[in-house]
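Here is what each chain is made of, one letter per residue.
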Amino acid sequence: MPELSEPSAIPSRETLVHLLYEAAELEHNLMCTYLYAAFSLRSGAGEGLSAEEAVAVDGWRRRILSVAIDEMGHLAAVWNITAALGGAPSFGRDNFPLDAGNLPARLVVKLAPFSRDVLQHFIHLERPHGSLEPDGEEFAPPSLYARAVTAKRITPMPVDYDTVGDFYEHLASSLSSFVAAHGEDHSFIGDPALQLSRAELELDGARPVICSKTALAAFRAIVEQGEGARADAVTSHYQRFLSIRRELDELRAKNPGLSPAFPAAHNPVLRPPMGRSGRVWLEDPETAAVVDVANASYALMLRLLAHSYVVPRPEPAKQLVIDLALGLMHAMGPLGELAARLPAGPSNPACHGGMSFTALRDSSAIPPGPSAARFFCERLEELSQAAATLRPSPDGRVARAASVLGELSARAARDFPRALAVVPGKTSLPLLPVPAVVAPVPISVDGVDAIDASDMTLLYEGKRCIHARFCVTGAPQVFLANVQGPWIHPDALAVDRLVEIAHACPSGAIRYRRKDGHVDEEAPPVNLISIRESGPYAVRAQLNLSGKQELRATICRCGASKNKPYCDGSHHDAPFVASGEPATSAPDMLPERAGELSIEPLTDGPLSLRGNVEITSGTGRVVARLTQAKLCRCGGSQNKPFCDGSHARIGFRSS
């Protein structure tokens, strides 16, 4: 297939939007295929893995999911560029498997469970230009053809490309030609307030596009992070998938019979496939019911995201629909995993089910206002009721999904009327009864607030909080941001879900004591120190910090905190600039990865570490594995994260 060249003519705005729609479909389809493979992976000894295999497979799942999240960020970037050009972002896609012609001939896209062949397909999709990595054997294109036409057309026509990175280079070149011809002001005509920003969505791609510089930067970030990255870019999708392949081959050498994934269906469907090959009909009623709720959650998530692009910032409804959309992903995940563990049906006795990511005929936005609120409230209530009828799963996946959907339905009923009430010109009439929210009064001892609930006592230590926002975005019905007086309402969420939210708090500002007979938070299986970009060390370990027992803490590394050794956010004001992606050493696996990790802040000096610990980058890549070290906390070391003696040179004072 010939390489793409510079556009031979100035593209029209319609052509640019057409190309961006294909980019959105690409990112969207890749995201779904990665999620499907991750959902199919086994977990633990109970699902046939040895202890070593279980740790490895869990790491693969996390890496694949991290790539899928990156694709979501790429989608947001493509949507923002589309909106900036005055177009309506595309949320649609064809159902799996994609028919030939929608994409270039060599891009075969279908749902398949994790395997070495599927992993090779992912590597091939994410390969940089010039790579010789072949496609997986089962992904051979049915035919080779050229979509592009040489004749001049006013109708937007497709282009062909060898790699996704090549396609983005063509997009960037086309955009540059368009802007050069029309000028910045006449090119970027969309309202930036309609786009997604980091205020609503904590993804790198959610950055408003207002000019060619910001648009081209978004394209460049997509290529560098994922499709088309340099072969030696260690954090790229390509390298992440290569690392999984290496680990899989090593484990297969020890255990040739290793089966890391369930035999989930290839391209599952919820109705007879009308004689079309390559699809598996999910006949089992229980499996079909689970997939039905998962698919409906996915479809509503897309419509909510689409709706966010017709609501301008700072209307409260914009953040609300984003929060609801992200919440639906937390319901979709457990159901997608469960579907891969259930039978497909009598016609395919050796095959399991799988979430089919069924796309609706259209996922466009609902016109904003009370009608949209009513639409979303009704649909969330329907999803909640459907999840409540599912047969409980032994591992609790159904219960988790049902709990999330119930909470989302209640939040929509409560918050949509509030969001509409503060928007000028819109009705303030409540759509559904709004429950009164009365947060319990905390009891404060030594700066730690204890908030009593039915099944737990929730603890909050304000001085430790670094505003990571996992609490207010993951459990907004519990942590009522921007209110007067008591703001934590722990009984508004199931205790197991609230425990998950507490564990997500990197600083340890949120802790708990259970009262329902279940154990409190336990030490992690691996001691970890994550290096935050231009921020603190985030520690998860059986931690002894200056004699104080901890499990989670964020420790200052800029030298400016007024609450040393803890971070207090002073790195934002300093300002402190330091990479969260330092170079990787050549660390050997530690014989022991848990146990007590002692961190002693030395007077006017570094952090002295003793104990088993893995130091990771912000993206999870291993930086070092060691049992003792001295970490910089003055902010001045030229060998971060390790101390090089700069504290003495710059006169660092720890108090």
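The notes below deal with the structure included here. This structure is a prediction, so every number in the text was calculated from the model and none was measured.

With that out of the way, let us pick up the overall build of the protein chain. For the protein chain, the count of helices and strands is 14 helices and 12 strands. Here the C-alpha radius of gyration of the protein chain, 25 Å, is about what a compact globule of 655 residues would show, namely 26 Å. For the protein chain, the spread of C-alpha atoms along the principal axes amounts to about 75 × 60 × 60 Å. Counting every position in the protein chain, which comprises 655 residues, the buried fraction comes to 54%. Here the contacts in the protein chain between residues at least 6 apart in sequence split such that 68% fall between residues at least 24 apart.

Time to look at helix α1 (residues 13-40). Between its terminal C-alpha atoms α1 stretches 41 Å, which fits the 40 Å expected from 28 residues at 1.5 Å a residue. Burial analysis of α1 places 23 of its 28 residues in the buried class, which makes it a mostly covered element.

Here we come to the nonpolar core. Among the nonpolar cores identified, the biggest contains 133 residues, and F114 and F357 are the most heavily contacted of them. Examining the composition of this core, we find that 16 residues originate from one element, helix α2 (residues 51-84), more than from any other. In this structure F114 touches A37, S40, L41, W60, I64, L119, I244, L248, P260 and A261, once residues within four positions along its chain are discounted. Listed in part, the 24 residues of the second largest apolar core include Y537, L543, V613 and L626.

Moving on, we come to empty space enclosed by the protein. Applying the stated criterion across every chain, the model contains three cavities of 30 Å³ or more. Roughly 50 Å³ of internal volume is contained in the largest cavity. For the lining of the largest cavity, the secondary-structure elements that each account for two or more residues are α10 (370-388) and α11 (397-421). The residue inventory of the lining of the largest cavity, partitioned by class, reads seven nonpolar, two polar and two charged.

What follows is about the packing of aromatic side chains. Taken as a whole, this structure holds 15 aromatic pairs when the rule is applied. Consider the rings of Y34 and F122, whose centres lie 4.6 Å apart with planes at 80°: the pair is edge-to-face. One end of the pair, Y34, is in helix α1; the other, F122, is in helix α3 (residues 116-125), and 88 residues separate them in sequence. A ring pair is formed by Y161 and F167, whose centres lie 4.5 Å apart and whose planes are at 20°; its orientation type is stacked.

Pairing in this open sheet of four strands is antiparallel, and the strands run β3-β4-β5-β6 from one edge to the other. Because the sheet does not close on itself, it has two edges, and the strands there are β3 (443-445) and β6 (510-514). Neighbour-to-neighbour, the strand axes of the sheet open up by a mean angle of 25°, direction not taken into account. Here β3 runs beside strand β4 (residues 448-452); their pairing, made up of three bridges, is antiparallel. Looking at β4, one finds that V445 is bridged to V448. The sheet strands contacting helix α13 (residues 495-504) are β5 (456-461) and β6, and the helix crosses β6 at an angle near 145°.

The rules behind these values
- Residues numbered from 1 in each chain as written.
- Predicted model: local features only at pLDDT ≥ 70, side-chain atom pairs only at ≥ 80, totals over all residues.
- Heavy atoms only, no water.
- Helix = DSSP H or I, 4+ residues; strand = E, 2+ residues; numbered from the N terminus.
- Rg over C-alpha atoms; globule rule 2.2 N^0.38 Å.
- Buried < 20%, exposed > 50% of the residue type's maximum accessible area, 1.4 Å probe, protein only.
- Contact = heavy atoms within 4.5 Å.
- Expected span 1.5 Å × (residues − 1).
- Core = buried A, V, L, I, M, F, W, Y, C linked by side-chain atoms within 4.5 Å.
- 1 Å grid on protein atoms, 1.4 Å probe; cavity = no way out; pocket = protein on both sides within 12 Å on 5 of 7 lines; lining within 4 Å.
- Points joined across faces, edges and corners; volume = space filled by probe spheres on them.
- Nonpolar A, V, L, I, M, F, W, Y, C, P; charged D, E, K, R; others polar.
- Phe/Tyr/Trp six-rings, centres within 6.5 Å; stacked < 30°, edge-to-face > 60°.
- Pairing = 2+ DSSP bridges.
- Axes fitted to C-alpha atoms, helices over the stretch in contact; angles between N-to-C directions.

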